[in-house]
Amino acid sequence: MVDWLKKNISALTGLVFAVCVLYYLHPYYGIRHDSPLYLGQALMAMDPGVFKRDIFFAYGSQADFTVLPSLLAWLCSRWQPAVVFLGLTAFALLTFLGASTLLARRLFGPRLGYWAVLSLLIFPAVYAGLWIMSYAESFLTGRTLAEPLVLLFILAYLNNRFIWAFGLVLLATLIHPLQALGGIMLIWLHLVQQRRAWLHLLWIPLLAVLASYAGVSKLAFLTARYDSQWFEWIQGPNKLTFLSSWSLVDWIFILTDAFLVSQWIKEGQEPLKSLARAALLTTILGFAISYVCYEVWQFVFIGGLQLWRVDWLLHWLAMASIPALLCIQWQKTGPKSVEFLSLLTIVALGTQNRISPDMGKIVFVLIPLYWFWPRIQDKIGSGFVRALLYSMPLALIIAILKFLQQANERYHASWHFGAPLTVHYMLLSNPAIGGLVTCGLVYLFYRWPRWRWVGLVLASAALIFSISIWDRRSEWTLELERTQGDASEFGLKLEPHAQVFWSNELLAPWLVLRRPSYYSGQQTAGILFNRETAREIMKRNADLDALNSDLEYCKSQKKISNEAGDEVCNIHGVAISKLCRVAKSDLDYVVLDFKSDEKHAGEWHLKGRDILGKSINYYIYRCADLIAETGQPKP
């Protein structure tokens, strides 16, 4: 055993350190972000009689195209949803690390493959626009489980294990077809590079579209279009799906990815070279179809496919490529060359331009400089070269200083899903700082071979620390997730088919009360797919205007008030009763985090604190009581 440890101490330490970085930089904040949507789909599968009235499911949802809700329903029937979601998230992250490691080693070799994995963990995982979507998300979605399967599918294909590849991509498609589609397109374009006959597969969608136009009813969905009203409805809540709404900062990020991956097309070896070309073509094709067929021609089916998601594979390859590209450039020109420093600056500012958008624009200059420098360097004076060599490190230092300033202003006292961010996480999550620390630790590990046992012990201790703080759910989130399927916290019992509006919450009515949600912003995710869902969502959003106005005012008062809780402001009872009347039979209870001048039916005082450090109290109002008091029956 001792001999085995001595022989494999470097590999073992590297594995422990990678898992440590994974869980440290991807903390768990509970059933948040998109996770409540998947919880709702599981609850719908468990109790369709109750949840079929929920607006998210009433006219059909994404759950119709995946087996994940059935799996989650089976698991949640045996364990608490909070345990299921935490366990599957931890498993999915570890699976992503394993799949990324195997594919990175196949593409870059063992040593650079390990650095590629660290790069994937340290650099931003966010792709596409508006800083919303990312791979290796630290909350449970279908994407979280499908992405490792897609990476393993690509690996199996490259290793000519075609049966395994088919099984893996089939499983990924059953879990999240939209995320798997990027991998399918990438491999198809990889095959096209080897044999043009694969282009004949395009006859399948072409003939299907022609059949749809010819009147084949079962294929009518392929050519259905958004009408002007429906298209207007989706533009606000689904801004992410419109490439034209992405900012310059988003396109700088994508340009940086494309630049990094394109380097392998010029100088890479197979299979990396052809895979890089396929990743670029996949992204271009996905973006082009999405823009033309969705934004211009307004086809519903293309809008639902969300082909811009294919960018996740381009971004994965770009982030994994960073160590190898820097290493190759170092070996070719040395660290004090214009080429190396410009590449380093492109990586640092292009992948972190959201922190310093103005500095991110430098990549528009640096990318042409990097490409054309070998041709023009003999024509450039030594003074200008020295200016370049000094200015780029200076830009990196300024970028780090700007990050530290913004971190102090925005994050030191900020909360993420109700949980405060720690100083060490705030600093080490920056790629420049985290990357430097990682390089320093690895250098020390190899600098003193006799002390590698100490390195293994320290890496193991760091892993234990990372795992111990991985679950960073706030007291507020923990209490919500522990209080499942019971309204007794409010001191009342809800009717079996009661529908609830809970201000700014979707998890709470679904998990805590096990009742349909009248409206939540997260439920607008379904309006891309069904016009009736969009119509009803927009109606309910308009009906909430008066109440939302009161809530926004009270929240602003709470921010500037020194009072500890919700006593600073009351919601007008007429706003609640008006909502109850216009909602008709679709709304039975309203839950707010402020009192009203109307009598509430119950209240719940949570143990946790909100982002302002103030107490959290919820008050539930029964629509039947409010309407009876006003003497106005429901219309």
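Please read these numbers as outputs of a predicted model, since none were measured by experiment.

Okay, helix 26 (residues 545-560) next. With 16 residues, helix 26 should cover 22 Å at 1.5 Å per step; its first-to-last C-alpha distance of 23 Å lies within 8% of that length. Every buried residue of helix 26 is listed here: Leu547, Asp550, Leu551, Cys554 and Lys558. One face of helix 26 carries all of its buried residues, which in axial projection span an arc of 100°. Exposed side of helix 26, more than 90 degrees from the buried face: Glu552, Lys559 and Ile560 are the residues found there. Of the surrounding elements, those touching the buried residues of helix 26 are strand 5 (500-502), helix 27 (573-583), strand 6 (589-592) and strand 8 (615-622).

What follows deals with the nonpolar core. General note: in soluble globular proteins, nonpolar side chains tend to be found buried as a group. Core analysis: the largest hydrophobic core is formed by 130 residues, its most contacted members being Phe108, Ile154 and Trp316. Residue contributions to this core peak at 13 residues, all from helix 5 (residues 81-108). If near-sequence neighbours (up to four positions away) are discounted, Ile154 is found in contact with Leu103, Leu186, Ile187, Leu275 and Leu313. Counting residues in hydrophobic clusters, the runner-up holds 45 residues, among them Ile234, Ile537, Leu551 and Cys580.

The next thing to look at is the environment of Gln62. Relative to the helices and strands, Gln62 resides in the loop between helix 3 (48-51) and helix 4 (68-76). Sequence-distant contacts of Gln62, that is, excluding residues within four places in its chain, are made with Gln41, Phe56, Ala525, Gly526 and Phe529.

Moving on to helix 8 (residues 162-175). Taking 1.5 Å per residue, 14 residues should reach 20 Å; helix 8 reaches 20 Å between its end C-alpha atoms and fits that length. The set of residues buried in helix 8 consists of Ala165, Leu168, Val169, Ala172 and Ile175. Each buried residue of helix 8 sits inside an arc of 120° when the element is viewed along its axis, so together they form one side. Pointing more than 90 degrees away from the buried face of helix 8 are the exposed residues Ile163 and Phe166. Where helix 8 is buried, its residues meet helix 4, helix 7 (142-158) and helix 9 (177-194).

Here we come to the pairing of strand 6. In strand 6, alternate side chains face the same way, and those of Tyr589 and Val591 on one face and Val590 and Leu592 on the other are all buried. Bridge count for strand 6 against strand 8 is four bridges, and the pairing is antiparallel. By the bridge assignment, Tyr589 is partnered in strand 8 with Arg622.

Attention now moves to the state of the cysteines. Applying the stated criterion to the full structure yields two disulfides. Between the sulfur of Cys554 and that of Cys569 lies a disulfide, 2.0 Å long from S to S. In this structure the cystine formed by Cys554 and Cys569 twists about its S-S bond by roughly -60°; its chirality is therefore left-handed. Here Cys554, found in helix 26, pairs with Cys569, found in the loop between helix 26 and helix 27; they are 15 residues apart in sequence, far enough to count as distant. Each sulfur of the disulfide joining Cys580 and Cys623 lies 2.1 Å from the other. Classification of the bridge connecting Cys580 and Cys623 rests on its S-S torsion, roughly -65°, and on that basis the disulfide is left-handed. Residue Cys580 is located in helix 27, and its partner Cys623 is located in helix 28 (residues 623-630); the two are separated by 43 residues in the primary sequence. By sequence-ordered numbering of the bonded cysteines, the chain has its disulfides arranged as 1-2, 3-4. Cys439 carries a free sulfur, and the closest cysteine sulfur to it, the one in Cys327, is 11 Å from it.

Here we take up the pattern of salt bridges. Within the structure shown, the criterion is met by 14 salt bridges. Note that Glu536 and Arg540 form a salt bridge whose closest N and O atoms lie 2.9 Å from each other. With a gap of four residues between them, Glu536 and Arg540 both fall in helix 25 (residues 531-543), about one helical turn apart. Assigned by exposure class, Glu536 and Arg540 land together as buried.

A few words on the packing of aromatic side chains. A full pass over the atoms with the stated rule returns 31 aromatic pairs. Aromatic pair Phe96 and Tyr135: ring centres 5.5 Å apart, planes at 20°, arrangement stacked. With Phe96 in helix 5 and Tyr135 in the loop between strand 2 (133-134) and helix 7, the pair connects residues that are 39 residues apart, well separated along the chain. Judged on exposure class, the residue Phe96 and its partner Tyr135 are both buried. Seen from their ring centres, Trp502 and Tyr618 are 5.0 Å apart, and the 70° between their planes marks the pair as edge-to-face. Here Tyr618 lies in strand 8 and Trp502 lies in strand 5, a separation of 116 residues in the sequence.

What follows covers unusual backbone geometry. Note: most residues except glycine have negative phi, and most peptide bonds are trans. Following Glu270, the chain continues into Pro271 via a peptide bond in cis, with omega recorded as 5°. If you trace the backbone, Pro271 turns up in the loop between helix 12 (248-267) and helix 13 (272-296). The phi angle at Trp131 is positive, at roughly 55°, despite the residue not being glycine. You can see Trp131 is positioned in the loop between strand 1 (126-127) and strand 2. Of the residues examined, Trp131 reaches a relative accessible area of 40% and is grouped as partly exposed.

Here is what the cut-offs are and how they apply
- Residues numbered from 1 in each chain as written.
- Predicted model: local features only at pLDDT ≥ 70, side-chain atom pairs only at ≥ 80, totals over all residues.
- Heavy atoms only, no water.
- Helix = DSSP H or I, 4+ residues; strand = E, 2+ residues; numbered from the N terminus.
- Expected span 1.5 Å × (residues − 1).
- Buried < 20%, exposed > 50% of the residue type's maximum accessible area, 1.4 Å probe, protein only.
- Arc of directions from axis to C-beta.
- Contact = heavy atoms within 4.5 Å.
- Core = buried A, V, L, I, M, F, W, Y, C linked by side-chain atoms within 4.5 Å.
- Pairing = 2+ DSSP bridges.
- Disulfide = S-S within 2.5 Å.
- Salt bridge = Lys/Arg side-chain N within 4 Å of Asp/Glu carboxyl O.
- Phe/Tyr/Trp six-rings, centres within 6.5 Å; stacked < 30°, edge-to-face > 60°.

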